[in-house]
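Per-entry structural report
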Amino acid sequence: MKFRWLLSLLALPFAFSANPALGGTAKKKALSPQDKQIFSLIQKAGDAKKHKSSPVAIVFERIHTKVEDNGLSRVKIHKVLKVLTEAGAVKLHTLRFDYDPASSDARVERVRIFRKSGSIHVVSLKNLRDLPQPQWMLYWGARTRLLGLPRLYVGDAVEMVFKRKG
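Let us look at the structure shown here. (Residues numbered from 1 in each chain as written. Predicted model: local features only at pLDDT ≥ 70, side-chain atom pairs only at ≥ 80, totals over all residues. Heavy atoms only, no water.)

**Considering helix 2 (residues 33–44)**
Defined as follows: Numbering of helices and strands runs from the N terminus; a helix is a DSSP stretch of H or I covering at least four residues, while a strand is a stretch of E covering at least two. To estimate how far a helix should reach, multiply one less than its number of residues by 1.5 Å. Only protein chains enter the accessibility calculation, which uses a 1.4 Å probe; a residue is then buried when its area is under 20% of its type maximum, exposed when over 50%, and partly exposed in between. The arc in question is formed by the directions pointing from the helix axis toward the C-beta atoms.
Spanning 12 residues, helix 2 covers 17 Å between terminal C-alpha atoms, matching the ideal 16 Å at 1.5 Å per step. Along helix 2, the residues that are buried comprise Asp35, Ile38, Phe39 and Ile42. All buried residues of helix 2 project into a common sector of 100 degrees when viewed along the axis, lining one side. Every exposed residue of helix 2 that faces more than 90 degrees away from the buried side is listed here: Pro33, Lys36 and Lys44. Immediately beyond the C-terminal end of helix 2, within one or two residues, lies Gly46, with a positive phi of roughly 90 degrees.

In structure tokens form, the structure reads like this:
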């Protein structure tokens, strides 16, 4: 009995450390000019008082589309969403990227969390799951890529960069 108690006491510090199952790292070093700009935009986006009816604010969304001669389009989307309320943190706890493998593809390049404290958490893409999309009427074989995020807090922001082809 004493051995179990001692073992659980020794394991306690690890219980409060970062969850390795979620992967990723937090960095608090010199920021690149682009990261400084993103932090500035996140601060300017306001809070729940400014956006009374929304749990999440879109800080920015950049979409670059290239259409090839054969009609194939390649789209790169860079998006930053800010958590305004606890409901927003719950809403963003899993990112979803839908696609139809018969005609398109979706590739996640990068996901980072800009913490209110000023650190940046790089989310590991090892936990990205490719699953069948929930169906309700027509069954065409659509798929979705899901990525679970670590705990989000009010004031945090999620950056995602992904590409679509189709």
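The discussion continues.
**Concerning the pattern of salt bridges**
How we decide: Any Lys or Arg side-chain nitrogen located within 4 Å of an Asp or Glu carboxyl oxygen qualifies as a salt bridge.
Using the criterion set out here, one finds 14 salt bridges in the structure. For Arg112, the salt bridge identified is with Asp35, shortest N-O distance 2.7 Å. Here Arg112, found in strand 5 (residues 105–114), pairs with Asp35, found in helix 2; they are 77 residues apart in sequence, far enough to count as distant. Note on accessibility: Arg112 and Asp35 belong to one class, buried. Linking Arg145 and Asp130 is a salt bridge whose minimum nitrogen-to-oxygen distance equals 3.2 Å. Of this pair, Arg145 sits in strand 8 (residues 143–148) while Asp130 is found in strand 7 (residues 129–132), placing the two residues 15 residues apart along the sequence.

**A few points about the packing of aromatic side chains**
Short version of the rule: We call Phe, Tyr and Trp rings a pair once their centres come within 6.5 Å, taking the six-membered ring for Trp, and we label the pair stacked below 30 degrees between planes, edge-to-face above 60, and tilted otherwise.
In total, this model carries 2 aromatic pairs according to the counting rule given. When the ring of Phe39 is compared with that of Phe114, the centres are 5.0 Å apart and the planes differ by 75 degrees; the resulting orientation is edge-to-face. One end of the pair, Phe39, is in helix 2; the other, Phe114, is in strand 5, with 75 residues separating them in the sequence. What makes Phe39 buried here is its relative accessible area of 13%. The buried category is assigned to Phe114, whose relative accessible area is 0%. Centre to centre, the rings of Phe97 and Phe162 are 4.8 Å apart; their planes meet at 65 degrees, and the pair counts as edge-to-face.

**Brief notes about the environment of Val59**
Applied cut-off: Any two residues having at least one pair of non-hydrogen atoms within 4.5 Å are treated as being in contact.
With respect to the helices, strands and loops of the structure, Val59 is situated in strand 2 (residues 56–67). Residues Val59 and Leu81, 22 residues apart in the sequence, show an inter-C-alpha distance of 5.5 Å. Those residues in contact with Val59, other than ones at most four positions away along the chain, are Leu41, Ile42, Ala45, Val80, Leu81 and Lys82.

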